[in-house]
Amino acid sequence: VTLVPAFPFLDFSGLVDLQDPNDGSGRLFAVEQGGTIRSFQNNEASSTSDSLLDISSRIASGGERGLLGLAIDPLFRRNHFVYLNYTR
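Everything in this summary refers to the structure shown in the same document. (Residues numbered from 1 in each chain as written. Predicted model: local features only at pLDDT ≥ 70, side-chain atom pairs only at ≥ 80, totals over all residues. Heavy atoms only, no water.)

This part takes up the packing of aromatic side chains. Each aromatic ring pair is specified by the distance between its two centres and by the angle formed by the two planes. Summed over all chains, the structure comprises 3 aromatic pairs. Residues F29 and F76 carry aromatic rings whose centres are separated by 5.9 Å and whose planes lie at 70° to one another, so their mutual orientation is edge-to-face. Pair noted here: F29 is in strand β2 (residues 27-32) and F76 is in helix α1 (residues 76-79), with a separation of 47 residues, a long-range link. One exposure class covers both F29 and F76, and it is buried. Grouped by ring-pair contacts, the aromatic residues F7, F12 and F40 constitute a single cluster. (Phe/Tyr/Trp six-rings, centres within 6.5 Å; stacked < 30°, edge-to-face > 60°. Helix = DSSP H or I, 4+ residues; strand = E, 2+ residues; numbered from the N terminus. Buried < 20%, exposed > 50% of the residue type's maximum accessible area, 1.4 Å probe, protein only.)

Before going further, it helps to spend a moment on the side chain of D17. Take D17: it is sitting in strand β1 (residues 15-19). Of the side chains bearing the opposite charge, R27 lies closest to the buried D17, which forms no salt bridge; the N-O distance is 15 Å. Of note is the side chain of D17, whose polar atom sits 3.2 Å from the backbone nitrogen of L70. Excluding residues within four positions of it along the chain, D17 makes contact with F29, A30, V31, G69 and L70. (Lys, Arg positive; Asp, Glu negative; His and termini not counted. Salt bridge = Lys/Arg side-chain N within 4 Å of Asp/Glu carboxyl O. Polar contact = N/O pair within 3.5 Å; in protein donor to acceptor, adjacent residues only side chain to side chain. Contact = heavy atoms within 4.5 Å.)

Below, the structure written as structure tokens:
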């Protein structure tokens, strides 16, 4: 077995979740435990990501605390709702 980085030109801090919003945009959402969600194109050559959400000032982080997960609403294309799992 050989492990190969899926996105070798991107760097995330405390990545805990990776989601496809299935909205036709070709992007992925990367959830970082420190309280940020970044968006980037689902392409091995991607080298930049955009801040989608930053709740770092609202959470307690460290250990098993922080922004822990993301669920994307089935109607995301229309309503742009996401649901977060985090500790305060």
